[in-house]
Amino acid sequence: MLRLPTFTYHRPKTLAEAVRIKGAHGPAAMYVAGGTDLYPNMKRRHQTPSHVVSLQDIRALHAVTVRPDGGVTIGAMARLSLLERHPHLLRHFAAFTHAVSEISTPLLRNMGTIGGNLLLDTRCTYYDQSFEWRESISFCLKKDGDICWVAPGSPRCWAVQSSDTVPLVCAMEAEVELVGSDGTRRQPAGELYRDDGIQYLTKKPEELLTALHLPAPGRWKASYLKLRRRGTFDFPVLGVGACLWFDGSKIVKANVRLGGAGSFAIPATDSERLLVGNELTDEVIAAAGSASMKPARTMDNTDLDVYWRRKVAPVFVARALRACR
Ligand SMILES: Cc1cc2nc3c(=O)[nH]c(=O)nc-3n(C[C@H](O)[C@H](O)[C@H](O)COP(=O)(O)OP(=O)(O)OC[C@H]3O[C@@H](n4cnc5c(N)ncnc54)[C@H](O)[C@@H]3O)c2cc1C
Ligand code: SF4
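Cut-offs and rules
- Residues numbered from 1 in each chain as written.
- Chains lettered and ligands numbered in written order.
- Predicted model: local features only at pLDDT ≥ 70, side-chain atom pairs only at ≥ 80, totals over all residues.
- Heavy atoms only, no water.
- Near = heavy atom within 4 Å.
- Polar contact = N/O pair within 3.5 Å; in protein donor to acceptor, adjacent residues only side chain to side chain.
- Helix = DSSP H or I, 4+ residues; strand = E, 2+ residues; numbered from the N terminus.
- Expected span 1.5 Å × (residues − 1).
- Bend = angle between axes of the 7 residues up to and from the residue.
- Buried < 20%, exposed > 50% of the residue type's maximum accessible area, 1.4 Å probe, protein only.
- Contact = heavy atoms within 4.5 Å.
- Pairing = 2+ DSSP bridges.
- Axes fitted to C-alpha atoms, helices over the stretch in contact; angles between N-to-C directions.
- Nonpolar A, V, L, I, M, F, W, Y, C, P; charged D, E, K, R; others polar.
- Phe/Tyr/Trp six-rings, centres within 6.5 Å; stacked < 30°, edge-to-face > 60°.
- Parallel < 35°, antiparallel > 145°, perpendicular 65-115°, else oblique.
- Left-handed = near helix turned anticlockwise from the far one by under 90°.

Chemist: Can you tell me about the site of ligand 1, naming the residues and giving the values?
Modeler: In the vicinity of ligand 1, 32 residues are found, and the nearest of them are Tyr 31, Gly 35, Thr 36, Leu 38 and Thr 113. The separation between an oxygen atom of ligand 1 and a polar main-chain atom of Asp 234 is 3.0 Å. Elements with a minimum of two residues in the shell around ligand 1: β2 (29-32), α7 (114-118) and β8 (208-214). Here the element with the most residues in the shell around ligand 1 is β2; it accounts for 3 residues.

What follows is the structure, encoded as C-alpha cells:
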C-alpha cells in the first residue's frame, strides 16, 4: 500500500492567509484543492511538500456566478460534479460541461475541482509510477533523475498535458485570475501554460488560481472530443478543444488546441488558418483535420500506439469541428 509522507496541514480561511503561508514555506509548501492529483503524487513521492495548504475553507473560491452578459465566473474550488450539472452551463456551455464530465470518475469529480484540473501535473509512463518503480530505472529528469527515458538525447521533459478542460478553455479564450504576494491579475487561460513537461505552468509558485472566467455566449461554438482507451475513465491520450467564431455562416476566427499530444495544449495553427474566411463545409473540415497531423507531436509516453495516435488526430479534429456546426 502506498502511504502519504508526513506533512503539516493548514486550513486558512482567507486568500491572503493562504498566500502568506505558501510564501512563508516556499517550495516546501503546496496548495491542495480536491487532492485527487496531489495526494496520489505525494504517495508516489513525485511531490513531497512538508506543508499542505488546503483551500477548502476559503468560501469565495467555491462560488459559481453567472454574469449579466451570460458569461460565467467559476471559483477555483468549484467541484467538477457541480459544474457538469449546472443548468446555465449545460444550456450555454455544453462543450465545457461535456469536457468536465469526461474527467476521471463520478467519485473523483465529486472531490476534484476546476482549479486542480487546470493545474494538473503533466503525465508520462516513466513518471506516473511508484517510487520503487522509478528508482529501478534510476528515475528521470522530471523527478530525481538526469535522463529522459522517452527521448534520451533530449535536454527537456516531454511529459504530457493531460487535463480535459485545458484544451477547451484555451480554445475558448477563457481567462484565469491569480492572486499572489503582488496582488491580483487576470490573463488568458492559454498564457498559463508552457511547452515543458516540468515547468508546465507560467505562474509564480506562490500564486493561487482563484477563478476561471468563461466568455459570454455569442456568435461562437465550441466542442471537446477525447480519445482514451476505456469509455468509463482514463486520462486523454488526445483531447481536441475547438472554438469557432462566426459572422453569418462564415468563420471569422478559429482556435483548435490539441491536448494529450505534447506538454501543453498545442495550437493547430495550419488547421486554424484553413478555417478562417470559409464556411464549415465537409471539404473545409477535411482539410483542417488533415492539417492537424503535423502539430500532434505524440511521443511514446502515454497509452496507445504512438503512430496511431498521431494518425488519428485528423479524424478527431474533423469530428470536433463538425460538432461546431
Ligand atoms: C484515477 C484517476 C483518473 C483521473 N482521470 C482524469 C481524466 O480523465 N482527466 C483529467 O483531466 N483528470 C483526471 N484525473 C486527475 C484529477 O482527478 C483531476 O484533474 C482533478 O480535477 C484535479 O483536481 P483536484 O481539485 O483534485 O486537484 P489537486 O489534486 O488538489 O491539485 C492539483 C494541483 O493543482 C494545485 N492546485 C490546486 N488548486 C489550486 C489553486 N486554486 N491554486 C493554485 N494551485 C492549485 C495543487 O497544488 C496540485 O499541484 C484523474 C485522477 C485519478 C486519480
Ligand atoms: S518525458 Fe522524459 S523526463 Fe519527462 S517524465 Fe517522461 S521520461 Fe521523465
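Still more to cover.
Chemist: Give me helix α12 (residues 306-322): which residues, what numbers.
Modeler: Under the 1.5 Å per step criterion, the end-to-end length of α12 is 25 Å for 17 residues, consistent within 8% with the ideal 24 Å. The sharpest bend along α12 measures roughly 35° and falls at Val 312, with the proline Pro 314 sitting one to four residues further on. Among all positions of α12, only Val 306, Arg 309, Val 312, Ala 313, Pro 314, Phe 316, Val 317, Ala 318, Ala 320 and Leu 321 are buried. Its buried side turned inward, α12 meets β9 (220-227), β10 (238-247), β11 (250-259), α10 (269-275) and α11 (282-290). Where α12 begins, the capping side chain belongs to Asp 305, and its oxygen is found 3.0 Å from the backbone nitrogen of Tyr 307.

Chemist: Report on the sheet that holds strand β12 (residues 266-267), specifying residues and quantitative values.
Modeler: Strand order in the open sheet formed by 4 strands is β9-β10-β11-β12, and the pairing between neighbours is antiparallel. Both outer strands of the open sheet, β9 and β12, are each paired with one neighbouring strand and no more. Both β11 and β12 contribute to a ladder of 2 bridges, which runs antiparallel. By the bridge assignment for β12, Arg 257 is matched with Pro 267. Of the strands in this sheet, β9, β10 and β11 are in contact with α12, which crosses β9 at around 150°.

Chemist: So what about the site of ligand 2? Which residues, and what values?
Modeler: In the vicinity of ligand 2, 13 residues are found, and the nearest of them are Cys 124, Cys 140, Cys 148, Cys 157 and Trp 158. Of the residues contributing to the shell around ligand 2, the split by class is 11 nonpolar, 1 polar and 1 charged.

Chemist: Hey, could you go over the packing of aromatic side chains for me, with residue numbers and the actual values?
Modeler: The tally for this structure, following the rule as stated, stands at 4 aromatic pairs. Ring geometry for Phe 93 and Trp 220: centres 6.0 Å apart, planes at 45°, overall tilted. Separated by 127 residues along the polypeptide, Phe 93 in the loop between α4 (87-92) and α5 (94-101) and Trp 220 in strand β9 bring together distant segments of the chain. Judged by its relative accessible area of 14%, Trp 220 falls in the buried class.

Chemist: An account of the packing of α11 against α12 is requested, with residue identities and associated values reported.
Modeler: It is the contact of α11 with α12, at a shortest axis distance of 7 Å, that shows an interaxial angle of 140°. Here α12 runs oblique to α11, going by the angle between their axes. Pair α11 / α12 crosses with right-handed handedness. Residue-level inspection shows Asp 282, Ile 285, Ala 288, Gly 289 and Ser 290 of α11 in contact with α12, the latter providing Pro 314, Val 317, Ala 318, Leu 321 and Arg 322. Of the residues assigned to the contact of α11 with α12, the class counts are 6 nonpolar, 2 polar and 2 charged.

Interpretation note: all reported values are geometric properties and have no functional meaning in isolation.
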